[in-house]
Amino acid sequence: MATETPPTTAVHDAHLRDAQELAQAHGVDPGTGLHADEATRRAARHGANELQDPARRSPLALLAEQFKDFMVLVLLGAAVVSGLVGDLTDTLVILVIVVLNALIGFTQAWRADQALAALRQLAAAHATVLRGGEVQVVPAGTLVPGDIVLLEAGNQIPADLRLIEIAQLQVDESALTGESVTVAKQTGTLAAQDASALGDRVNMAFKGTTATHGRARGLVVAIGMHTELGKVARLLGGEDRSTPLQRRLAAFGKRLALAVLGICAVVFVVGVLRGESPLLMALTAISLAVAAIPEAMPAVVTVLLALGARRMVAINALVRRLPSVETLGSVTTICSDKTGTLTQNRMHAELLLARGVRWTPGDALPGAVHREALRAAALCNDATRHSHADGDDMEATATPTTLADWQGDPTETALALAARAGGLDKAALDAENPRVQEQPFDSDRKRMTTFHRVAGGFVAYTKGAPESVLPRCTAQWTPEGRAPLDNAALLAQAGQLAAQGLRVLALARRGHARLPDTNALDAVESELELLGLIALIDPPRPEAQAAVRDCISAGITPVMITGDHPATARAIAHRLGIVDTPDAPVLTGADLARLDAATLQQRVEQVRIYARVDPAQKIRIVEALQARGHFVAMTGDGVNDAPALKRADIGVAMGRGGTDVAREASSLVLLDDNFATIVAAVKEGRRIYDNIRKFVRYTMTSNSGEIWTIFLAPLLLLPIPLLPIHILWVNLVTDGLPGLALAAEPAERGIMRRQPRAPTESMFAGGMWQHILGIGLLIGGLCLAVQAWALSTGNAHWQTMVFTVLTLAQMAHVMAIRSESEPLWRLGLGSNRPLLGAVLLTFLLQMATIYVPALNPIFKTEPLGLADLAVCLGAALVVYVAVELEKAWRRKRLPTTAAMDEPPPPARPGA
Ligand code: ATP
């Protein structure tokens, strides 16, 4: 191996230098790659191949941010002034409370950042490298200069690479250059004047761009912030990470803040006019402003979203964009691939039909045509057997291999296994008849052809969808020569097999004396001789049926979009319950190509199955659905799926089978490639949104209660009911702890039996406004009633009582709003333990402020007698009962929630 030391920083003239010479300069042999030890050494020197995240905040910056709130600063100023002229304890207590508040805010923000970082880590890309002569898949962040990276279509380029070897590599560089045409790459050395712009450096592949076609081998010449992408990232700075909901809440908070400030001004003026000390009134008014302005709400929403997203990993749903957590609940249509998502993608061959004679794996081979068909199935095939099985070939040939021994496309694995069942070993055949050329499979052509050397020349085997292969066949192959072929009858036969849910492939061959020019595709894939039809079975996923049912009862339409045969698609869709009738309408890719946008928009309302669809057509389906007001989740795994994934409201990529390109374009990644996971994610999204709403309902009602109390007191000729410390305490403890625990609230019963929420629906929809004002008024009224009653009976503890009523009423409130409709006794006290704990803790803390003698002078409280405490508890009970009554009324009005315990409604008709 070369020993020269690699450059310490990025090489920016890599495109001007010879690839081999550059590899030597990097101390690497392109044939074997770096040694693992050397890679570790270089990683220590060069750092990680990561872009710095400008939005990532240091703990100190986070902490400082907590004190940036203008009102908090005003409060601190006022506290200091009041301390200087009067009571220093007040100032200290206010300081302590403000600092505690900041610490809580900091902890939340920190947790949110950690959760987001963990998600990013999980979503991080991988790269295929050659190290120590072995091909390995490693996290892209661990690449070092000098690494040899292997690329294939669908990969995101993990670092800046000087290309060493390519096979038809095409790269989409729009992410970097904005240029939307893909660039065909080459390996030759360029001259400086030809390659001033990045887009012209055709012998380089840049980090962040994507390979859309072909394969390549490249040398890493720059990583992380030294890459071209890194330079741009440095220029652009951080993107705005806030979600639409956060932005809406922040905007709403600003308007609310103005109103609150107005109210506080009134409180101040009225207080002073009534002869209170201006300093006390200023502190009261400012404390009220600090308590009632929901400045922390957008931040708490991040916490709830981020923690929710983290929880979703447990159900195999990885969220790549935080806003999708809040919009998942709005999904009205889920467009899913069939193979692997709705089905198990564990295929096996059911039968082979050649010259009208059926063969089932396990039986003896009936004839030479069947044998030749299986040869085609094994040779025109990219599946590989794991090396451990190859190790002992004698034994491997003798014992049948299972699916687990193979890797590659499940369709091809099934074919290789079928050949094996017929006594043909793929490895032996590959050795005997090496592949010399190929036309790879792609979903648009729906077929592939490979050329093999045989005695006396070459043979080309073609396999693919019957409609794609049969029209290219002009005869039936027999050992004796060409026999006539009834194309139409065979197509009909293929259709019959497909109608049983089988995936049917046609197998064909053509002999060549010389290797043809493969660029003329139509010429080489024509005049084929048919060998037979092979039918594969791919059973539906067992959990998919229940998931489809859940979808339908949740008002979500499941839609299947597949490259497979319409009859196969229909059979599987019917089996899964996506459609009710075995003859449900199917729209094919050919139909789609004919329909104009307006007609398509009408059709999408009825059609649940799309078959023989090219990935490029998916975007038309999404657009038509969106034009009809649907909120669409769409799955995809290939490079060509990316535009549709981006266009969909929720793009869903496959974590196991999919390409980097699809993942990059998506907002959700299914770690298990499973349809049921999308439905589970929607449910989780609904739960999280519900809990955010509960949090907002709780916080805003608490604030409203505090405002009503302070604002109405002077109008009712009562003294100021609460001191600044009480207000701040309520804001810190009472609002803070239980509010956050609402995030742990389990999903409401029947959450998947209600219609999707409109994405534009206001957070305050469904009577929330009225609740906030009404229940707030009730809490304020109760506080003031207790105050008036205590004053009229000469009770000296009236202020302690108001303070206690306010706190306890909020505890009663938070327990009552755990569900929007169900009574607390049906939820059970223990079903949200964090909340129960927070409520009990708050209660104990409140009791401590009253009954711990040392705290009395600080909180200006006095111990309450049992009767007084009972009055406070009674007032809290009134709030609880009122909210339960409100929910009972809502249950009556909304029959859907009342019927929650009944079995799900029958599936909607398919057409
Ligand atoms: P989905 O879109 O639901 O994942 P799919 O996997 O059937 O469906 P494609 O992979 O695009 O979609 O396949 C389309 C058709 O091409 C298949 O129905 C089959 O007839 C044919 N086909 C699939 N894989 C191969 C292959 N490896 N070689 C030849 N033909 C294939």
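Everything here concerns the structure above.
Residues numbered from 1 in each chain as written. Predicted model: local features only at pLDDT ≥ 70, side-chain atom pairs only at ≥ 80, totals over all residues. Heavy atoms only, no water.

Looking at the ligand, there are 20 residues lining it, with Lys 338, Thr 339, Arg 503, Asp 564 and Arg 612 nearest. Contact distances for the ligand include 2.9 Å between an oxygen atom and a side-chain N or O atom of Asp 564. Protein chains bury 90% of the 610 Å² of accessible surface belonging to the ligand in isolation. Contributions of two or more residues to the shell around the ligand are made by strand E16 (457-464) and strand E19 (502-512). Take the shell around the ligand: its biggest share by element is three residues, from E19. When grouped by side-chain class, the residues that make up the shell around the ligand number six nonpolar, five polar and nine charged. Structurally, the shell around the ligand is a two-domain feature, drawing no fewer than three residues from each of domain 3 (326-344 + 541-673) and domain 4 (348-534). (Near = heavy atom within 4 Å. Polar contact = N/O pair within 3.5 Å; in protein donor to acceptor, adjacent residues only side chain to side chain. Areas by Shrake-Rupley, 256 points an atom, 1.4 Å probe, with all protein chains shown as cover. Helix = DSSP H or I, 4+ residues; strand = E, 2+ residues; numbered from the N terminus. Nonpolar A, V, L, I, M, F, W, Y, C, P; charged D, E, K, R; others polar. Domains from an automatic or database assignment.)

On the secondary structure map, Trp 769 appears in helix H29 (residues 768-792). Given the relative accessible area of 36%, Trp 769 is considered partly exposed. Between the C-alpha atom of Trp 769 and that of Ile 157, which follows or precedes it by 612 residues, the distance is 50 Å. Setting aside anything within four residues of it in sequence, one finds Trp 769 in contact with Phe 252 and Phe 764. (Buried < 20%, exposed > 50% of the residue type's maximum accessible area, 1.4 Å probe, protein only. Contact = heavy atoms within 4.5 Å.)

A few words now on the environment of Ala 354. Take Ala 354: it is sitting in strand E10 (residues 348-354). The exposure class of Ala 354 is buried, given its relative accessible area of 1%. A C-alpha to C-alpha distance of 6.3 Å links Ala 354 and Leu 531, two positions 177 residues apart in sequence.

Further remarks concern the pattern of salt bridges. Inspection of the entire model under this criterion finds 43 salt bridges. The residue Arg 215 makes a salt bridge to Glu 152 at a minimum N-O spacing of 4.0 Å. With Arg 215 in strand E7 (residues 210-222) and Glu 152 in strand E3 (residues 148-152), the pair connects residues that are 63 residues apart, well separated along the chain. We note a salt bridge from Asp 564 to Lys 338, for which the minimum N-O separation is 2.9 Å. (Salt bridge = Lys/Arg side-chain N within 4 Å of Asp/Glu carboxyl O.)

So, on to the sheet that holds strand E25 (residues 650-654). Here eight strands make up an open sheet; going across it, the order is E8-E26-E25-E24-E9-E21-E23-E22 and the pairing mixed. Every interior strand has two partners, whereas the edge strands, strand E8 (317-319) and strand E22 (586-588), have only one. Each strand axis lies, on average, 20° off the axis of its neighbour in the sheet, ignoring direction. Lying on the sheet, helix H21 (residues 566-576) is in contact with strand E21 (557-561), E22 and strand E23 (609-611); it crosses E23 at an angle near 150°. (Pairing = 2+ DSSP bridges. Axes fitted to C-alpha atoms, helices over the stretch in contact; angles between N-to-C directions.)

In this structure, Ile 334, Leu 668, Phe 675, Ile 692 and Val 696 are the most contacted members of the largest nonpolar core, which totals 144 residues. Ranked by residues supplied to this core, first place goes to helix H27 (residues 675-715) with 15 residues. Two domains each donate at least three residues to this core, and these are domain 2 (248-307 + 689-901) and domain 3 (326-344 + 541-673). Counting residues in each nonpolar core, the second largest holds 28 residues, with Ala 376, Ala 414, Leu 505 and Leu 531 among its members. (Core = buried A, V, L, I, M, F, W, Y, C linked by side-chain atoms within 4.5 Å.)

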